[in-house]
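Chains, contacts and geometry: an overview
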Amino acid sequence: MRTDPAYIDNREGLAEVARLVGDAGEVAVDCEAAGYHRYSDRACLVQIAAGGSAFVIDVLAEGTGGMAGELLGRLLGDPGRRTLMHGGSFDLRLLRRDLGVTVGRVFDTQVAVGFLGETATGLQAVLERHLGVALGKKHQRADWAARPLTAEMIEYAAADVLHLERLAERLEERLAALGRTAWVEEECSRMLLAVADPAAEAEVDPVSRIRAARKLAPREVTALRRAVAWRDRVARNRDRAPFRVASDAALIEAVLASPTTVGQLRGVRGFPRRGPPSEARALLRELAAARRLPEGSLEPYTAPTGRGVRLTPEEETVLARLTAVRNEAATRLGLERGRVMPNQVLRKLARLAPSSLSELRDVPELRRWQVALLGSDLLAAL
C-alpha cells in the first residue's frame, strides 16, 4: 500500500498500478479535464485508488499513451470489479470517448446520497458530513492540461478518490437499512446504459441550451445561433473555453444591440473589450448577415427534445393527479420530488395513460423500483 499518491507518466508506473490494483474487488476512479480553461474538455488525468493506494495517471504524457487506456479498460471493464465514482456521468463519457474505456459496473456515491434524502451532494460536502474529511478548494479550477503539475495539484487530484471506498461502505449501510440499495444499483446501471447509447452523443442545437433564447424573435435566434458558432470558432483557435471568449448573456446583448462597428460591439454590456479586431469584425459580419436574411430563411428557437409537448386539458388533469402521488411519496420518503420521479416522466405517463403494471414497466423512462413503489397509486391516478 502506498501512503502518498503516485504520479504515473510512464510505462513502469502503469505496470505498478496493474500490480497493486489488479486484484482489487473495487476501484475508486475520478477524472480531471481542462474544459474550464481549454476549448477541448479532453481527459487529462485519471485518478485511481484501491486499498488505500492512490495513483494519478497522466493520460496526456507520451510515456503512457494508449497503454493507459488498455490498462484502464482491463481494470474498469470487468463487471466483476466495481468502480466507485462520485457524480460519474461526465467522467464515464470522458473515459469512453478519450480512452476507449467502458466501465462494467459502477457505484456512484452522489446517486447514493441523493437516495438518502441529502440535498448537498457535492463530494466536499458529502465527505465532510459522513467522514469528517475536509477537502481543499485551491485547485478546483486548475488548468489540468498545463504541465508540469505541482505536487500540491497531484495530491489534490488524488484526494477525490482516496476516501471513496470508506464513503461507499458507510452509505451502503444506510441504504440497506432503508431498503434502497436496489434503487441505487438500478440508477447506476442506467448511467452506464446512457453512456453506451449513441443517441446520448447526438448533436444538439446550441441555442437550445441558452434559456434566455426562448424569448427571442426568430431573427434574433438566428443571429444568436451565428454568434454562438462564431464564439466556438474563436474558442477553438485560441484553445480557450467558449465562455471565456464571451458569455451567453454578452452574445444575446450583442444580438439585441445590432452593433455595426468594432467600437459599438465592444461597448455592449458584458462583451470583452479586448481581442483582435479581426475577430470582432467577423462577428459583426455574422450579425449583419442575419439581419439581411429573408423571413423564410430564419431558424426559430427549437425546444430540446422531449420538451414543449402540449397536453390536452384532460391530460393536464391526469398530470395533476400523478404529480400529487409523486409529491406525497417524496414527502413520505424524505426525498426530493425529482429524485422520486421527474416531471417529464409524469407528463409522458399522462400522455400514454398505461392501464396495467405491465404497461408501466414498458415505459422506458420508468425504473423498476418506481413501478414497485408507486405503480398501483399511479394506475389509480390514471
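The preceding data block contains the structure.
Everything in this summary refers to the structure shown in the same document.

The rules we used
Residues numbered from 1 in each chain as written. Predicted model: local features only at pLDDT ≥ 70, side-chain atom pairs only at ≥ 80, totals over all residues. Heavy atoms only, no water. Buried < 20%, exposed > 50% of the residue type's maximum accessible area, 1.4 Å probe, protein only. Helix = DSSP H or I, 4+ residues; strand = E, 2+ residues; numbered from the N terminus. Pairing = 2+ DSSP bridges. Right-handed = clockwise from strand over helix to strand, strands pointing away. Salt bridge = Lys/Arg side-chain N within 4 Å of Asp/Glu carboxyl O. Expected span 1.5 Å × (residues − 1). Contact = heavy atoms within 4.5 Å.

**Observations concerning the pairing of strand 5 (residues 82-85)**
Of the two faces of strand 5, the one carrying R82 and L84 and the one carrying T83 and M85 are both buried. With three bridges joining them, strand 2 (residues 26-33) and strand 5 adopt parallel strand pairing. Opposite E26, over in strand 5, you have R82 as the bridge partner. As a crossover connection, the stretch from strand 5 through helix 3 (residues 89-99) into strand 6 (residues 106-108) is right-handed.

**Some details on the pattern of salt bridges**
Taken as a whole, this structure holds 23 salt bridges when the rule is applied. In this structure, the salt-bridge partner of E328 is R332, at a minimum N-O distance of 3.3 Å. Here the residue E328 and the residue R332 both occupy positions in helix 14 (residues 313-333), the gap between them amounting to four residues, near one helical turn. Residue classification places E328 among the partly exposed residues on the basis of a relative accessible area of 42%. In this structure, a network of salt bridges that share partners links the residues E26, R82 and E172.

**Re helix 9 (residues 218-238)**
For helix 9, spanning 21 residues, the distance from its first C-alpha to its last is 30 Å, which sits close to the expected 30 Å at 1.5 Å a residue. Those residues of helix 9 that fall on the buried side of the exposure criterion are V221, T222, A223, L224, R225, A227, V228, W230, R231, V234 and A235. Tucked inside the fold, the buried residues of helix 9 contact helix 10 (242-245), helix 11 (248-257) and helix 13 (277-292). Looking one or two residues beyond helix 9, the residue adopting positive phi is D239, at roughly 55 degrees.

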